[in-house]
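Observations on chain architecture
Each chain, written out:
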Amino acid sequence: MPLKKAKSLPVPALRRQTDAASLGFKVTSELTCFKGLMGQERAVRSMTFGLDVQSKGYNIFVVGNPGSGRTSYTLEEVRSRAKKMPSPPDWIYAYNFEEPGEPLAVQLPPGQAKELAKKMDTLVEDLKVALSKAFDNSQYEDDKAALVKKFQEIVNDLMEKLKEQAGEHRFSIKRTPQGFVNLPLIDDKDDKGNPVTREMLPEEFEKLPSKQQKELQNTSEEISQKTLEVLRAIREREKELKDQIKALESEICRNVIQPILEDLRDGFEKNGKLSAWFESLSEDIIENFGAFLASARDENAEVDFSRYAINVFVSNDPKQGAPVIRETNPTYYNLVGKVEYESRQGYLYTDFRRIMAGAMHRANGGFLILDAEDLFRQFMSWEALKRVMRTRELSIENLGEQLGYVPVSSLRPQAIPVDLKVVVVGTPLIYYLLNMYEPEFGKIFKIKADFDVDMPRTPESERKMADFICTFVQKENTMHFTAAAVAEVIEWTAREAEHQDRMTVQASKINELLAESAAWAQAGRAKRVDAKHVQRALEEKVYRHNMIEERLQRIYEEGTIRIDTEGSVVGQINGLTVLGLVDHTFGHPVRITANVFMGQEGVVNIEREVKLTGPIHNKGLLTLSSYLGRIYAQDMPISISARLAFEQTYDGIEGDSASSTELYCLLSALSGVPIKQGVGVTGSVDQFGNVQPIGGVNAKIEGFFRYCAANGLTGDQGVMIPATNVKHLMLHPDVVDAVKKKKFNIWCVSTIDEGIEILTGTAAKTIHSKVKTCLKGWVERQAALKKQLAGKPGKSGKKRAHDEDED
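Just so we're clear, the structure is a prediction, and the values are computed from it rather than from any experiment. (Residues numbered from 1 in each chain as written. Predicted model: local features only at pLDDT ≥ 70, side-chain atom pairs only at ≥ 80, totals over all residues. Heavy atoms only, no water.)

Some remarks on the overall build of the protein chain
So the rule is basically this: Here a strand is any run of E in DSSP of at least two residues, a helix any run of H or I of at least four, and the numbering for each starts at the N terminus. C-alpha atoms define the radius of gyration in this analysis, and the globule rule sets the expected value at 2.2 Å times the number of residues to the power 0.38. For the exposure calls, accessible area comes from a 1.4 Å probe over protein chains only, and a residue counts as buried if that area is under 20% of its type's maximum, exposed if over 50%, partly exposed in between. Contacts are residue-level and defined by heavy atoms, with any inter-residue pair within 4.5 Å sufficient. Note on charges: Lys and Arg go in the positive column, Asp and Glu in the negative column, and His and the chain ends are not counted at all. Taken as the charge centre is NZ of Lys, CZ of Arg, CG of Asp or CD of Glu, depending on the residue.
Regarding its fold elements, the protein chain presents 28 helices and 30 strands. The C-alpha atoms of the protein chain give 49 Å as radius of gyration, which overshoots the globular expectation for 807 residues (28 Å, by more than 25%). Seen through its C-alpha atoms, the protein chain measures out along the principal axes to roughly 175 × 90 × 45 Å. Among the 807 residues that make up the protein chain, the fraction classed as buried is 46%. A separation threshold of at least 6 residues defines the contact pool for the protein chain, and within that pool the share at least 24 residues apart is 76%. Side-chain charges in the protein chain split into 107 positive and 115 negative, and the spacing between the mean points of these groups amounts to 9 Å.

This is how it looks when you write it as structure tokens:
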């Protein structure tokens, strides 16, 4: 019975085309802008829910590949939500009059921090003027002079009484630089003989009898004791004077500053912490009013009023809603803030004004958006973020102290309570690694917003793509696209998704194609972007990146690389591989050969022996061997040695997409039936002989097509693919056109039997029969050889058996 000729796939199956007329418009100017995120319903729902939940731990981890639109959508959605939220309070750091090393963190209504800072700046100047006028007033001097006069009267009275008491004991009190001295008095006469009282000279005291000296000394000590009591009383009166003068000055200061501070307080809502600080401020101004007077009287006086300044730590606009902070460089200090230092003559100096806010401070009450790769690239940033999310408060600490180094004396700003939602954007790999190795990750990020790489290709989604293109045109202010150009873009998105019924949603790639298409239309001075401009953009992009592909093609055309595309050869077949570069992927055929002979080694892949294959490829080879055993070793042992090789390949090989190809080649070598060299083959095989799908089917077909076209298409050439890969076909128009003209073929197969018939033109039963005959013949010849060796003279049966085992 003649073998039925295999049919090539019909042209419509090779590329699902979009009818431009079915889109319902002629030019994208007729459309409206697309709102939302195209093809990401799962991510949108997750993001919406995550933003709605306000409970602790419901932060969001956005999972997606770069270029999927994950970051731009996240920013847009979060900013939209933030505008509807109330503005969070402002925060300031102020001087702590009780503990200068611990600056006060004070919360204010949004927008009031800067206002308070401005008023505090003018407060100092106002106080200088007001206090200077108050103390230059004559009333102050008169009141002060009255207090001093009263003090002097009391002192004079005390001293007079002391002198009288000393005179009663015939002593005088004399003030010297060393203090008060008591001197005895004696009666004497002056030069004229008049009686006088004078102080006893030391030599006169020395001439007195010891008893009298002792009496005088005792009296002097009594007077000295009374003198000390008087001096003590004078000091107490002096202290009272100082207190009275200070009370007078304080009263004057209080009367002066009270109205000024009341005006200052009235501009702000009542705040317990702020009110207490105002009280401390008032007392400090009263205590240090002299600095204001000195500064007012001498403009060059070096007076430090920095303690009365305000550090506007976080300021929010009450009309702008909640803050959205995207930190692109999330270092430790950029996240949690820092205390800056200033070098002064070799010393590091700082104060509360140099406390700087971090991204988490600025995002407090709103949203903080981070990139996962940037976050984990920075030392200690993830640990800091975890700690803040766990404790819900943020302290500014020196990184050196975090590491356990020698602590340095520095400010210890009061911690600020934190209430924010963190959104981290990362790749799937980072997300799953965090889930596996970071125990606290699931507690902190309970919402996963997963971005897909493609979406279903339906009339509705095709129309959404058209709206998306319209949005791009308006956003970039470029020329509009025709319906034919949109259809071309849609087909390209399906090719990128490698599925006829799917469309890629990689926004960056789509935008890139649209921008380049518009550029080529502009270069051609067209009024609109048409299909030819999209095609030109695709061709030019390939040309920019396919230099290595062209070199391989040239080497093949020169005959350096041997790829047969005509005739039939036993034990040789064209396999299809995909070479993936950083910026370009293309298909490339490789000649696979099989050599079989008698032996017990089984199927050996030469590349595997020299460790040029990966584990998946090795798995395919073992599966191939299992298939051989299932088909041919049910009633007899397989006695075979086979060598498989990928000719002229010198790099590593991975993947099992060539396992069916290797099997076809091995069956040809065993049966002696030649394989058509004009057919390229791809597909993996299972243990039962079913052909399974592979990846990169479009690139593989197009790669082999280019090699065939280089020497001229014969009409018998083509590619054989798994039937399950038909839905992935989105072939280049050149390949589709060649199939349409019957110059090239695409076959699909489901089993090894179907494939071997296409490759050899021989029925699968015949092939299997020839293979089994070959294997059976080898078994019989090996048995005969053993029998012959067993009959040789000069060796015992045991020895001969041993030799045969070695053979």
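Section: the layout of surface pockets
Put simply, the test is: For each structure, a 1 Å grid was placed over the protein atoms alone; sets of points admitting a 1.4 Å probe that cannot get out are labelled cavities, open sets with protein on both sides within 12 Å along at least five of seven lines are labelled pockets, and lining residues have an atom within 4 Å of a point. Grid points are joined across faces, edges and corners, and a volume is the space filled by probe spheres set on the points. Here the nonpolar group is Ala, Val, Leu, Ile, Met, Phe, Trp, Tyr, Cys and Pro; Asp, Glu, Lys and Arg are the charged ones; every other residue, Gly included, is treated as polar.
Within this model, the largest pocket holds a volume of roughly 1600 Å³. What lines the largest pocket is a set of 43 residues, and nearest its centre among them are R495, E496, V542, H584 and T585. A per-element tally of the lining of the largest pocket places helix α19 (residues 531–545) first, with seven residues. Classifying every residue of the lining of the largest pocket by side-chain character gives 14 nonpolar, twelve polar and 17 charged. In this model, the second largest pocket occupies a volume close to 740 Å³. T577, L579, H588, T649 and G652 are the residues nearest the centre of the second largest pocket, which is lined by 29 residues in total. Secondary structure elements with two or more residues in the lining of the second largest pocket: α20 (547–557), β21 (572–580) and β22 (585–597).

Some remarks on empty space enclosed by the protein
In this structure the tally under the stated criterion is one cavity of 30 Å³ or more. What lines the largest cavity is simply E549, L552, Q553, F586, G587, H588, G703, R706 and Y707. Contributing elements (two or more residues each) for the lining of the largest cavity: α20, β22 and α24 (697–710). For the lining of the largest cavity, the class distribution of residues is three nonpolar, four polar and two charged.

Focus on the sheet that holds strand β29 (residues 718–722)
Short version of the rule: For two strands to be treated as a pair, DSSP must find at least two bridges joining them. Here an axis means a line fitted to C-alpha atoms, over the contact stretch when the element is a helix, while the angle between two N-to-C directions is reported on a 0 to 180 degree scale.
Pairing is mixed in the open sheet, where seven strands are placed in the order β23-β24-β22-β21-β26-β29-β30. Since the sheet does not close on itself, it has two edges, and those belong to β23 (602–605) and β30 (745–749), each with one partner. Strand-to-strand twist of the sheet, defined as the mean angle between neighbouring strand axes without regard to direction, takes the value 30 degrees. Where β22 meets strand β24 (residues 641–646), six bridges bridge the pair, whose relative direction is antiparallel. Bridge pairing in β24 places I592 opposite F646. Against the sheet, helix α26 (residues 752–760) contacts β21, β26 (679–681), β29 and β30, and its axis sits at roughly 150 degrees relative to β30.

With respect to helix α14 (residues 428–437)
Definition in use: To obtain the arc, one takes the directions from the helix axis to the C-beta atoms.
Burial in α14 covers these residues: I430, Y431 and L434. Burial along α14 is one-sided: seen end-on, the buried residues are contained in an arc of 100 degrees. Exposed and oriented more than 90 degrees from the buried face of α14 are L429, M436 and Y437. Against β1 (60–63), α11 (372–377), α15 (441–444) and β17 (447–450) lie the buried residues of α14.

A short note on the nonpolar core
Worth spelling out the cut-off: In this text, buried Ala, Val, Leu, Ile, Met, Phe, Trp, Tyr and Cys residues form a nonpolar core when linked through side-chain atoms within 4.5 Å.
One finds L116, M120, L131, F135, W277, L281 and Y308 to be the most contacted residues of the largest nonpolar core, which totals 49 residues. If you list the elements that add at least two residues to this core, you get β2 (90–94), β3 (104–108), α3 (112–135), α6 (210–266), α7 (272–287), α8 (289–297) and β7 (311–314). It is α3 that provides the largest number of residues to this core, a total of ten residues. In this structure, F135 is in contact with Y140, E141, E249, I252, C253, F289, L293 and R297, ignoring residues within four places of it in sequence.

Describing the sheet that holds strand β8 (residues 324–327)
An order of β8-β13-β16-β1-β17 is seen for the five strands of this open sheet, with the pairing classed as parallel. What marks the edges here is a single partner per strand, and that holds for β8 and β17. Within this sheet the neighbouring strands show an average axis-to-axis angle of 20 degrees, counted without direction. Direction of pairing for β1 relative to strand β16 (residues 421–426): parallel, over a ladder of four bridges. When the sheet's bridge partners are listed, I60 is paired in β16 with V423. Contacts between helix α2 (residues 70–83) and the sheet are confined to β1, β8, β13 (367–371) and β16, with β13 contributing the most and set at about 175 degrees to the helix. Running over the sheet, α14 touches β1, β16 and β17 and is turned about 135 degrees from β1.

Focus: the packing of helix α18 (residues 507–523) against α19
Let me state the cut-off plainly: Each angle is binned into one of four classes, with values under 35 degrees roughly parallel, values over 145 roughly antiparallel, values of 65 to 115 roughly perpendicular, and all other values oblique.
Their axes nearest at 8 Å, the elements α18 and α19 cross at an angle of 110 degrees. Taken together, the axes of α18 and α19 lie roughly perpendicular to each other. From α18, E512, L513, E516, S517, W520 and A521 reach across to α19, where they touch H533, V534, R536, A537, L538, E540, K541 and R544. Residue composition of the contact of α18 with α19, by class: six nonpolar, two polar and six charged.

Some points on the packing of aromatic side chains
Just so we agree on the cut-off: Any pair of Phe, Tyr and Trp rings, taking the six-membered ring for Trp, is counted once the centres come within 6.5 Å. Such a pair is stacked with planes under 30 degrees apart, edge-to-face with planes over 60 apart, and tilted for the rest. Note on criteria: charge over ring means Lys NZ or Arg CZ within 6 Å of the ring centre, with the direction from the centre no more than 35 degrees off the ring normal.
This structure, assessed with the given rule, holds 21 aromatic pairs. Measuring from centroid to centroid gives 4.9 Å for Y93 and F313, while their planes differ by 80 degrees, and the two rings are edge-to-face. Of this pair, Y93 sits in strand β2 while F313 is found in strand β7, placing the two residues 220 residues apart along the sequence. For the pair formed by Y93 and F313, the shared burial category is buried. Taken together through their ring pairs, the aromatic side chains of F61, F376, W382, Y431, Y432, F441 and F445 make up a single cluster. When the ring centre of W520 is taken as origin, the NZ or CZ atom of R536, which lies over that ring, is 4.0 Å away.

Concerning α20
Along an α-helix, residues three or four positions apart point the same way, because every turn accommodates 3.6 residues. The complete set of buried residues in α20 reads E549, L552, Q553 and Y556. Across the axial projection of α20, the buried residues extend over an arc of 100 degrees, all falling on one side. In this fold, the buried residues of α20 make contact with β21, β22 and α24.

Focus on a nonpolar patch on the surface
The condition is simple: Patch rule: a residue counts if its relative accessible area is over 30% and it has no salt bridge; like charges are joined within 9 Å, and nonpolar side chains (Val, Leu, Ile, Met, Phe, Trp, Tyr) within 5 Å. Areas reported as accessible are Shrake-Rupley estimates using a 1.4 Å probe. Residue values count occlusion only from the protein chains shown. The term salt bridge refers to a pairing of a side-chain nitrogen on Lys or Arg with a carboxyl oxygen on Asp or Glu at a separation within 4 Å.
A cluster of nonpolar residues, L429, Y432, L433, M436 and Y437, forms a patch on the protein surface that exposes about 590 Å² of accessible area. Within the secondary structure, Y432 sits in helix α14. A relative accessible area of 42% places Y432 in the partly exposed class.

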